[in-house]
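Take a look at the letters that make up each chain.
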Amino acid sequence: MSEPTTRRVAAVQLAVRIGDVPSNLRHIEDIVGQAVREHSPEMVFLPESANHPNIHGRVMRHVVEPIHGPTLATLRGLAAKHDCIVGGGYLAIRGGDARGTYAVCEPDGAISFHDKDQPSMWENNNYTPGQDLGIADTGIGPIGVANGFEWLRSRTAARLRGRVRLVAGGMCFPSFPQWGVTKKWFWEREHATMVELARETPGRMARVVGVPCVHPSHVGDITMSTPFAPGVPWPTILLGETQIVDGAGTSLAHLSYDDGEGYIAADVAWGEAKPVNPVPPRFWMPTLPWTVHTVWYATNASGRARYALDRKRKMFPWQWDPAQGRDLPDRVPPGMLD
């Protein structure tokens, strides 16, 4: 039989609770089931850190779990139950450290893992970089994986270009705080820039890598902690902007913040890559506002130092978990965990 020229993919735009991973996993089971029943996709993708929003705050110390923990069990179970590939992210213990991991689970039990190559901003307080190539070598072909700000970096496009048939993964993208004193600048001006940036991201990646992109994201109103200001709340939103685009960057399906939680599906071309644009010769693919650069550098440095100190002092709850020492390879073959 000849290989299919298209494959149906679905992306879930999630609204999950802060501090309640078990409830969030039950919710993921429900919404993935709805998406499968309605669209019969061959692949379903959830955002990065799907079991809990990737925000700033001490709550994040308690969402890190063993690589083979409840989130992986949920994703594997969904793949087997619905006979399709299911991908989703979570903070996992790998190699003695916490990492921003994304798992691509296949119906036969095979799994491919990708650890985000560099935590973004306040994420540095909670986990460290990964070093894998980020290609899920699935039974139907290679899928590139990008988490969060990896979608914005030229080196992500460079490692995937010419090697994959699809780019998937996800985003958890908080906006600026809705403080009254800064509303005129942050909310009435910079927020619109963030929405535009998120909306343009999957199409930009598609044109450089030359394959369709599936970009699921978190959505909803949240309040997190403010970096460098303990006790000061950061009321904001998770932007949404879930999207599926073709290899030329044309949007095939889209959900905005106003659409709320939901899912989309589209039939995408399944074949060799056809890049339209070159890999940009710079760190960031788009031009970021100076406010983002400021927060980026300050929170990166502070977070790395804090993680290193707290890890040395064994301040992370996961360091006392007897299951933390068990890791899994980046590619788990069928039957290995049965």
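Scroll up a little and you will see the structure.
Remember, it's a predicted structure, so these values are computed and weren't measured experimentally.

Asks: Before we go on, may I ask you to explain empty space enclosed by the protein in this structure?
Replies: To find leftover empty space, one rolls a probe the size of a water molecule over the atoms. Tallying each qualifying case throughout the model produces 1 cavity of 30 Å³ or more. One number sums up the size of the largest cavity: a volume of about 220 Å³. Met 121, Trp 122, Phe 149, Phe 173 and Pro 174 are the residues nearest the centre of the largest cavity, which is lined by 20 residues in total. No other element matches helix 5 (residues 290-312), which puts 3 residues into the lining of the largest cavity. Considering only residue class, the lining of the largest cavity consists of 12 nonpolar, 5 polar and 3 charged.

Asks: Quick question: what am I supposed to make of the nonpolar core here?
Replies: Most often, soluble globular proteins keep nonpolar side chains buried together rather than apart. Core analysis: the biggest nonpolar cluster contains 79 residues, and Leu 46, Phe 113, Phe 149 and Val 167 have the highest contact counts within it. At 10 residues, helix 4 (residues 183-209) tops the list of elements feeding residues into this core. Ignoring any residue separated from it by four or fewer positions in sequence, one finds Leu 46 in contact with Val 12, Leu 14, Ile 28, Val 32, Leu 75, Val 86, Gly 87, Gly 88, Tyr 102, Gly 169, Gly 170 and Pro 216.

Asks: Got a minute to help me understand the packing of helix 1 (residues 21-39) against helix 2 (residues 70-82) in this structure?
Replies: In a pair of packed helices, the angle between the axes and the distance between the axes together describe the arrangement. Where helix 1 contacts helix 2, the two axes come as close as 11 Å, and the packing angle between them is 20 degrees. Of the possible angle classes, the one that applies to helix 1 and helix 2 is roughly parallel. In this structure, the crossing between helix 1 and helix 2 has a hand that is right-handed. Contact residues: helix 1 offers Leu 25, Ile 28, Glu 29, Val 32, Gly 33 and Val 36, while helix 2 offers Pro 70, Thr 71, Thr 74, Leu 78 and His 82. Taken together, the residues that form the contact of helix 1 with helix 2 break down as 6 nonpolar, 4 polar and 1 charged.

Asks: Explanation requested: the packing of aromatic side chains in the structure shown.
Replies: Aromatic ring pairs are described here by two measures, namely the spacing of the ring centres and the angle between the planes. In total, this model carries 10 aromatic pairs according to the counting rule given. Between the aromatic rings of Trp 179 and Trp 234, the centroid separation amounts to 5.8 Å while the plane-to-plane angle is 65 degrees, which identifies the pairing as edge-to-face. Separated by 55 residues along the polypeptide, Trp 179 in the loop between strand 9 (166-170) and helix 4 and Trp 234 in strand 12 (residues 229-239) bring together distant segments of the chain. Judged by relative accessible area, Trp 179 falls into the partly exposed class, the value being 24%. Residue class for Trp 234 comes out buried when judged on its relative accessible area of 9%. Considering the side-chain rings of Phe 283 and Trp 296, the 6.4 Å spacing of their centres and the 55 degrees angle between planes classify their relative orientation as tilted. Of the two residues, Phe 283 is situated in the loop between strand 15 (262-269) and helix 5 and Trp 296 in helix 5; the sequence distance between them amounts to 13 residues. Residue classification places Phe 283 among the partly exposed residues on the basis of a relative accessible area of 33%. Classification of Trp 296 by relative accessible area gives buried; the value is 4%. Among the aromatic side chains, those forming a connected cluster through ring pairs are Phe 149, Phe 173, Phe 283, Trp 284 and Trp 296. Directly above the aromatic system of Trp 320 lies the positively charged group of Lys 314, at a separation of 5.8 Å from the ring centroid.

Asks: What exactly am I supposed to notice about the pairing of strand 6 (residues 111-115) here?
Replies: The side chains of a regular strand alternate, first on one face of the sheet and then on the other. Most of strand 6 is tucked away: 5 of the 5 residues are buried. Burial along strand 6 is two-sided: Ile 111, Phe 113 and Asp 115 and Ser 112 and His 114, pointing in opposite directions, are all buried. Two elements, strand 5 (residues 97-105) and strand 6, share 5 bridges in a ladder whose sense is antiparallel. By the bridge assignment, Tyr 102 is partnered in strand 6 with His 114. In textbook terms, the turn of a hairpin is the stretch between consecutive antiparallel strands, and for strand 5 and strand 6 this stretch comprises 5 residues, one of which, Gly 109, has a positive phi near 100 degrees. Sheet topology note: the strand 6/strand 16 (residues 331-332) ladder contains 2 bridges and is antiparallel. Residue pairing for strand 16: Ser 112 is matched across the bridge by Arg 331.

Asks: What am I meant to see in the side chain of Glu 106 here?
Replies: Relative to the helices and strands, Glu 106 is located in the loop between strand 5 and strand 6. You can call Glu 106 buried: its relative accessible area is 6%. Within polar-contact distance, the side chain of Glu 106 engages the backbone nitrogen of Gly 139 at 2.9 Å. Engagement of the side chain of Glu 106 in a polar contact is seen with the side chain of Arg 331, the distance being 2.7 Å. The contacts of Glu 106, once residues within four sequence positions are left out, are Ala 79, Ile 85, Asp 137, Thr 138, Gly 139 and Arg 331.

Asks: How should I be thinking about the pattern of salt bridges in this particular structure?
Replies: Two side chains of opposite charge can pair, provided their charged atoms sit close to one another. Taken as a whole, this structure holds 19 salt bridges when the rule is applied. Among the ionic pairs, Asp 20 bridges to Arg 17, the shortest N-O distance being 3.6 Å. Accessibility expressed as a relative area gives 24% for Asp 20, which makes it partly exposed. Each of Arg 94, Asp 115, Asp 327 and Asp 330 takes part in salt bridges that share partners, so that together they form one network.

Asks: How should the layout of surface pockets be read in this particular structure?
Replies: Estimates place the volume of the largest pocket at around 420 Å³. Lining the largest pocket are 18 residues, and of these His 56, Asn 125, Thr 226, Phe 228 and Arg 306 sit closest to its centre. Elements represented by at least two residues in the lining of the largest pocket include exactly strand 11 (219-226), strand 12 and helix 5. It is helix 5 that provides the largest number of residues to the lining of the largest pocket, a total of 4 residues. Looking at the lining of the largest pocket residue by residue, the classes come out as 5 nonpolar, 10 polar and 3 charged. Space inside the second largest pocket adds up to approximately 210 Å³.

Thresholds applied
- Residues numbered from 1 in each chain as written.
- Predicted model: local features only at pLDDT ≥ 70, side-chain atom pairs only at ≥ 80, totals over all residues.
- Heavy atoms only, no water.
- 1 Å grid on protein atoms, 1.4 Å probe; cavity = no way out; pocket = protein on both sides within 12 Å on 5 of 7 lines; lining within 4 Å.
- Points joined across faces, edges and corners; volume = space filled by probe spheres on them.
- Helix = DSSP H or I, 4+ residues; strand = E, 2+ residues; numbered from the N terminus.
- Nonpolar A, V, L, I, M, F, W, Y, C, P; charged D, E, K, R; others polar.
- Core = buried A, V, L, I, M, F, W, Y, C linked by side-chain atoms within 4.5 Å.
- Buried < 20%, exposed > 50% of the residue type's maximum accessible area, 1.4 Å probe, protein only.
- Contact = heavy atoms within 4.5 Å.
- Axes fitted to C-alpha atoms, helices over the stretch in contact; angles between N-to-C directions.
- Parallel < 35°, antiparallel > 145°, perpendicular 65-115°, else oblique.
- Left-handed = near helix turned anticlockwise from the far one by under 90°.
- Phe/Tyr/Trp six-rings, centres within 6.5 Å; stacked < 30°, edge-to-face > 60°.
- Lys NZ or Arg CZ within 6 Å of the ring centre and 35° of its normal.
- Pairing = 2+ DSSP bridges.
- Polar contact = N/O pair within 3.5 Å; in protein donor to acceptor, adjacent residues only side chain to side chain.
- Salt bridge = Lys/Arg side-chain N within 4 Å of Asp/Glu carboxyl O.

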